[in-house]
Amino acid sequence: MGLGLIASRALRPAILHRSSRVLASQNPITRTITSTPELKNPEAATAQPDSPPDLPPRTPVAGARIHFSKPDDAIEVFVDGYPVKIPKGMTVLQACEVAGVDIPRFCYHSRLSIAGNCRMCLVEVEKSPKPVASCAMPALPGMKIKTSTPVAKKAREGVMEFLLMNHPLDCPICDQGGECDLQDQSMAFGSDRGRFTDMKRSVVDKNLGPLVKTVMTRCIQCTRCVRFATEVAGVQDLGMLGRGSGEEIGTYVEKLMTSELSGNVIDICPVGALTSKPFAFKARNWELKGTETIDVTDAVGSNIRIDSRGPEVMRILPRLNEDINEEWISDKTRFCYDGLKRQRLNDPMIRGADGRFKPVSWRDALAVVAEVAHQVKPKEIVGIAGQLSDAESMMALKDFLNKMGSNNVLCEGNGSHPCADLRSGYLLNSNIAGLEKADVFLLVGTQPRVEAPMVNARIRKTVQATHAKVGYIGPATDFNYDHQHLGTGPQTLLEIAEGRHPFCSAILNAKNPAIVVGAGLFERGDKDAIFAAVETIAKLGKVIRPDWNGLNVLLLNAAQAAALDLGLVPESSKSIESAKFLYLMGADDVNLEKVPDDAFVVYQGHHGDQSVYRANVILPAAAFSEKEGTYENTEGCTQQTLPAVPTVGDSRDDWKIIRALSEVAGVQLPYDTLGAIRSRIKTLAPNLYNMDEREAATFSTSLKPELSEKMSLSAFGSAVENFYMTDSITRASKIMAQCSATLLKK
Amino acid sequence: MASVMLKNVRVPANSANLEEARSRTFDFFKMVCRSIPKIMDIYNLDDVVTVSQLRSIIASEFRKNSDVTNTKFNSSMHLFASLYCLSGQLIEHSLRIFLEEVNAKIFTQGGIAHLRSLGNPLGVEGVFCRSKAQDSLGSKPFMLVLVSLEEPLGWNEQPSIGVLYLGISWVLPPVKVIDMLLFKGMEEFRNVVEHSKQRHHIIGQYVLAREHLVQDAGAKDQGMSEFLKNFYSSNYF
């Protein structure tokens, strides 16, 4: 009855308006279909609707900033009716991100290539017959993108239903629970029920090594790990085998993932298919407290977040820092945390007459050390700062030893006669991010893949993007990018310096040549001659210019840069041989055979590593995860660590120990608090006071006087033999031991 | 060994004289010292204290009450007496006798003033307060009497001392006091040995409260700065 009524109404267009009102009052259930001349007009439908002026301006997702490389090329698109300006070449998904709309996705990652196979990012675009994969579609000018229409929503629900069809019901036992993209997106975008009643498929697990745990049944075949391994890590280990529902991600042969960046696939995988093996079943992410600190296992200073539960570090995750480590961290950084729980020194100890250590109280220990320090001549007191020392403790050590009358303070790794005059002589002058601008690399005596994996990742990124040429001088190692092995020793360096080598043409023709010298050369006796040769090459190739300084030094330890900034330069290069009182502050890689037998050795550190065997007194200190310390990375960026867990046993902070020792010894240092010692550092090296800021070197090494030292022609060695075990924390770690047993290339 | 000791942890009704009380005290002390290793084992106190430190702590506990055996007073002692109800039903027999001997009027308001008027045989110091609260027995309020004894009361030919016990203190002969202390001590000891106590309570009550006994009294505060003092105690200051 109602339909007939409506049909008859349609036949009377003129009187409709009046009659509809009458009818509405008489019969409110039936609706009338009205039509107006504007509605009948087809052109009016395509007229752009004005965005209401009272809508608040939208900010991009996660506070991102857009960089317009060519501002005239900006195009305008409309996202949900909202106009946004984006640079040309951006995809629809990125345009929506700029507009503040977060589109769900599984396979898309901003740092990897586009795959477009998950289909979760489907949005509706006007004038398109079907929804469009926004991660792959480039945004065209004037496009109208609609992200929350019923079509888009239905698409997402459908995709989610398909993904969950073959996904196992593993949430209670899956480590990714609580931080799982699939969980979050199914809650937000999925429908409430599925219609699948058949058997789910399952996949055999793959063995990828002691670091990555695989449960391949959970894999949704987004191929993020495959793209990461090929593009960022440079190893083509992973691939997709099979087709359709029989697709499996794996290594075709029984191969372990030996790349030093393999742990990052754990972060990348949106589901619990690839998880961290050491962290398996240990904790849920909501019971962990995240502390934002800095990694100290190498000189890069990657930004990390230490997740801790109570007094224990449970895992380490990367933090975003575009300039240093982007979003990746190396395996050593990620998995060294279990070394923080083993072999810890927690009580001051004194070696008794029978050679065994006896735990004593702090009073006794400091009293003994102070007494011996006064019995020794000032010239025979030597202090060595370790690889993991922070700037405050090195400052306190230097001040204390200076007050005792000695100037023999050095940092291990810097060699016996470091040159700390010009900062450009020991920093990565073109910053880590600046290496992306280089188009020719000359690596001298450095293997960045094991020394600083993040720098290596950056070089690889440049090589892949711009086909930069890489020349390498040193022992044969494998790189994950194309390179030319020019030679093994200083002979090649001399040839390039004199212009005889074919690689010189590459350097001369480059716009931004970069030379990276390894800090392993600091230990050589002829290091000045080698650096002189490198500087000659730099002058030849115009590497050092006002706008571009390509002469870089890649440091090995987290403490080297700050040590050289603070002036930890020993007075005599034979200081260790003539030392009678040796103060080792975490120094485990020092060759202690040169120390005389009657020398009194004090070891202040957090692990009972190699130097403890020679020590006479042990003073327990805090590790990097337990103290607030300032570290300077190899490019000169000052960063600080924050305490994530409390100190172990009776340990104290390094600088506090030295301050207390100085008071007991009668030469009290003038600072009591962290702020006071930081202001003392500010007087010496003001760049160490400004956190998260990079202070570029003011003067280039072209100021150095000419040197005429003889260069020995012995080949360059490798500074890092075992990537997984380089300092006291990693040597104490069981995971690192497993890695070096299984993953190192023999 | 502890179970053997437990059997002895029962106080006979009364010890006859002071010597017997003394010997019982010493036996009890020796028994406690012999069971210290067992206590340390039960509560895992090996990292917290040593046997000799615990022994000194227990010895100090015993020594705290050593003035029970004093035969003479050198200083005045203040008794803290709270008395339930004027009818005297809850007042211990000996105390009542004592109070009757003095003057029953002490119970009423102004009783102290009356005592004073008597020439203050007891050296009473007046804190005489009257509570408005009703006690559980009757409608009589209870009062607090602070009595100071300058000299022995000459009652039972033994010096009388007041012992604070559960808020009710009365004047008792010392042997009884010693017996009572022993009883309390043995009860506590039995609780400890039978693991009825919790470890952190033991640590807090006996170890941490007696830090001065446990720490070596070195040259502690000789010109040490605040920093050094804090440094020795902990990392976080």
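Values in this document were obtained by computation on a predicted structure and should not be read as measured data. (Residues numbered from 1 in each chain as written. Chains lettered and ligands numbered in written order. Predicted model: local features only at pLDDT ≥ 70, side-chain atom pairs only at ≥ 80, totals over all residues. Heavy atoms only, no water.)

(A) Main features of the overall build of chain A. The secondary structure content of chain A amounts to 21 helices and 27 strands. Overall size of chain A, expressed as C-alpha extent along the three principal axes, is 115 × 60 × 55 Å. Looking at chain A residue by residue over its 746 residues, the buried ones come to 55%. For chain A, the proportion of contacts with a sequence separation of at least 24, taken over those separated by at least 6, is 69%. Surface accessibility of chain A: about 32,800 Å² in total, with carbon and sulfur atoms responsible for 54%. (Helix = DSSP H or I, 4+ residues; strand = E, 2+ residues; numbered from the N terminus. Buried < 20%, exposed > 50% of the residue type's maximum accessible area, 1.4 Å probe, protein only. Contact = heavy atoms within 4.5 Å. Areas by Shrake-Rupley, 256 points an atom, 1.4 Å probe, with all protein chains shown as cover.)

(B) Highlighting the overall build of chain B. Within chain B one finds ten helices and five strands. Looking at chain B residue by residue over its 237 residues, the buried ones come to 38%. Element-wise, carbon and sulfur atoms account for 53% of the exposed surface of chain B, whose accessible area totals about 14,000 Å².

(C) Quick peek at the sheet that holds strand E27 (residues 693–694) of chain A. Pairing in this open sheet of three strands is antiparallel, and the strands run E25-E26-E27 (chain A) from one edge to the other. Of all the strands in the sheet, the pair left with one neighbour each is strand E25 (629–632) and E27 of chain A. (Pairing = 2+ DSSP bridges.)

(D) Here's a closer look at the domain arrangement of chain A. Split into domains, chain A comes out as domain 1 (61–148), domain 2 (162–279), domain 3 (374–408 + 571–694) and domain 4 (423–559 + 697–740). The C-alpha-based centres of domain 2 of chain A and domain 3 of chain A are spaced at 45 Å. (Domains from an automatic or database assignment.)

(E) Inspection of the UniProt feature "domain: 4Fe-4S Mo/W bis-MGD-type" (unreviewed entry) in chain A at higher detail. Those places that UniProt annotates as "domain: 4Fe-4S Mo/W bis-MGD-type" (unreviewed entry) correspond, in this numbering, to residues 288–344 of chain A. Helix makes up 9% of residues 288–344 of chain A and strand 35%. Its end C-alpha atoms lie 23 Å apart. (UniProt positions renumbered as here; feature names shortened; annotations may be inferred.)

(F) Highlighting the sheet that holds strand E21 (residues 551–554) of chain A. Residues and elements named next belong to chain A. Taken in spatial order, the five strands make up an open sheet running E19-E18-E17-E20-E21, and their pairing is parallel. On the outer flanks of this sheet lie strand E19 (484–487) and E21, each paired with one strand and no other. Geometrically, the sheet is characterised by an average inter-axis angle of 25 degrees between neighbouring strands, direction not taken into account. Across five bridges, the pairing between strand E17 (residues 440–444) and strand E18 (residues 469–473) is parallel. When the sheet's bridge partners are listed, Leu 442 is paired in E18 with Gly 471. Along the sheet face, helix H16 (residues 527–540) touches E17, strand E20 (513–518) and E21 and points at about 175 degrees away from the line of E20. (Axes fitted to C-alpha atoms, helices over the stretch in contact; angles between N-to-C directions.)

(G) Quick look at the interface of chain A and chain B. The interface of chain A with chain B comprises 18 residues on the first partner and 13 residues on the second. Interface of chain A and chain B: buried area, both sides summed, is about 1,300 Å²; carbon and sulfur atoms make up 56% of it. Of all residues in chain A, A:Arg363, A:Arg652 and A:Lys656 give up the largest surface area on contact with chain B, accounting jointly for 47% of the area buried on that side. Taken together, the links from chain A to chain B amount to zero salt bridges. Secondary structure elements with two or more residues in the side of chain A that touches chain B: helix H10 (362–375) and helix H18 (654–664) of chain A. No other element matches H18(A), which puts seven residues into the side of chain A that touches chain B. Considered class by class, the residues forming the side of chain A that touches chain B number eight nonpolar, three polar and seven charged. (Buried area = accessible area lost by both parts, 1.4 Å probe. Salt bridge = Lys/Arg side-chain N within 4 Å of Asp/Glu carboxyl O. Nonpolar A, V, L, I, M, F, W, Y, C, P; charged D, E, K, R; others polar.)

(H) Representation of the UniProt feature "domain: 4Fe-4S His(Cys)3-ligated-type" (unreviewed entry) in chain A. Residues given the UniProt feature "domain: 4Fe-4S His(Cys)3-ligated-type" (unreviewed entry) here are residues 151–190 of chain A. Segment residues 151–190 of chain A splits into 60% helix and 0% strand. End C-alpha atoms: 13 Å apart.

(I) Quick peek at the confidence of the model for chain A. Averaged over all residues, the pLDDT of chain A is 89; the fraction at 70 or higher stands at 94%. Throughout residues 13–17 of chain A the model reports pLDDT below 50, and contacts reaching past four residues in sequence, or to other chains, amount to two contacts. (pLDDT = per-residue confidence, 0-100.)

(J) Structural context of the pattern of salt bridges. All names here are of chain A. Counted according to the given criterion, the structure contains 48 salt bridges over all chains. Here Asp 390 ties to Lys 627 by a salt bridge, and the two come within 3.4 Å at their closest N and O atoms. Note that Asp 390 is positioned in the loop between strand E15 (381–385) and helix H11 (391–403) and Lys 627 in the loop between strand E24 (617–620) and E25, a separation of 237 residues in sequence. Both residues of the pair, Asp 390 and Lys 627, belong to the buried class. Salt bridges sharing partners connect three or more residues here, namely Arg 111, Glu 322, Glu 326, Glu 327, Glu 436, Arg 458 and Lys 461.

(K) Molecular detail of the packing of helix H5 (residues 150–165) of chain A against helix H6 (residues 181–189) of chain A. Residue and element names in this part refer to chain A. Orientation of H5 relative to H6, taken along the N-to-C sense of each, is 140 degrees, at an axis distance of 10 Å. Here H6 runs oblique to H5, going by the angle between their axes. Between H5 and H6 the crossing geometry is left-handed. Along its contact with H5, which presents Arg 156, Glu 157, Met 160, Leu 163 and Leu 164, the element H6 presents Leu 182, Gln 185, Ser 186 and Phe 189. Residue composition of the contact of H5 with H6, grouped by class: five nonpolar, two polar and two charged. (Parallel < 35°, antiparallel > 145°, perpendicular 65-115°, else oblique. Left-handed = near helix turned anticlockwise from the far one by under 90°.)

(L) Fine view of the packing of helix H2 (residues 18–34) of chain B against helix H7 (residues 174–193) of chain B. All names here are of chain B. Two numbers describe how H2 lies on H7: the axes approach to 10 Å, and their chain directions differ by 15 degrees. Taken together, the axis directions place H2 and H7 in an arrangement best described as roughly parallel. Here H2 runs over H7; the crossing is left-handed. Counting all contacts with H2, which are made through Leu 18, Ala 21, Arg 24, Thr 25, Phe 28, Met 31 and Val 32, the residues of H7 involved are Val 175, Ile 178, Asp 179, Leu 182, Gly 185, Met 186 and Phe 189. Along the lines of polarity and charge, the residues of the contact of H2 with H7 split into ten nonpolar, two polar and two charged.

(M) Region of the structure containing the packing of aromatic side chains. Scanning all chains against the criterion turns up 14 aromatic pairs over all chains. Arranged with centres 5.6 Å apart and planes meeting at 50 degrees, the rings of B:Phe28 and B:Phe62 form a pair that is tilted. Of this pair, B:Phe28 sits in helix H2 while B:Phe62 sits in helix H4 (residues 51–64); the two residues are 34 residues apart in sequence, bridging distant segments of the chain. The exposure class assigned to B:Phe28 is buried, which follows from its relative accessible area of 4%. Classification of B:Phe62 by relative accessible area gives partly exposed; the value is 25%. Linked through ring pairs, A:Trp362, A:Trp655, B:Phe227, B:Phe231, B:Tyr232 and B:Phe237 together constitute an aromatic cluster. (Phe/Tyr/Trp six-rings, centres within 6.5 Å; stacked < 30°, edge-to-face > 60°.)

(N) Here's a closer look at the environment of A:Leu435. Along the chain, A:Leu435 turns up in the loop between strand E16 (408–411) and E17. Sequence-wise, A:Leu435 and A:Val232 are 203 residues apart; in three dimensions their C-alpha atoms are separated by 15 Å.

(O) Focus on the confidence of the model for chain B. Residues and elements named next belong to chain B. Per-residue confidence for chain B averages 64 on the pLDDT scale, and 46% of its residues sit at or above 70. Mean pLDDT in chain B bottoms out at strand E4 (residues 161–165), which sits at 31, and peaks at helix H3 (residues 36–43), which reaches 91. Here residues 102–112 is modelled with pLDDT under 50, and outside its nearest four sequence neighbours on either side it reaches 27 contacts, counting other chains as well. Overall, residues 122–170 carries pLDDT values under 50, and its contacts beyond four positions in sequence, including any with other chains, amount to 126 contacts. As scored by the predictor, the complex reaches a pTM of 0.74 and an ipTM of 0.80.

(P) Spatial organisation of the pairing of strand E26 (residues 637–641) of chain A. Residues and elements named next belong to chain A. Within E26, four of the five residues are buried, leaving the element largely enclosed by the surrounding structure. Both E25 and E26 contribute to a ladder of four bridges, which runs antiparallel. When the sheet's bridge partners are listed, Thr 630 is paired in E26 with Gln 640. For E26 and E27, the ladder comprises two bridges, and the chain directions are antiparallel. Bridging across to E27, Cys 637 finds its partner in Arg 694.

(Q) Representation of the side chain of B:Asn235 within the structure. With respect to the helices, strands and loops of the structure, B:Asn235 is situated in the segment after helix H10 (226–233). Non-local contacts of B:Asn235, meaning those with residues more than four positions away in its chain, are made with A:Thr647, A:Ser651, A:Arg652, A:Asp653 and A:Lys656.

(R) Structural detail: unusual backbone geometry. One non-glycine residue, A:Gln343, adopts positive backbone phi at about 55 degrees. Counting through the fold element by element, A:Gln343 comes out in the loop between helix H9 (331–335) and strand E13 (349–351). The class for A:Gln343 is partly exposed, based on a relative accessible area of 46%. The backbone of B:His195 sits at a positive phi, close to 60 degrees, despite the residue not being glycine. Inspection of the secondary structure puts B:His195 in the loop between H7 and helix H8 (199–207). The class of B:His195 is partly exposed, set by a relative accessible area of 47%.

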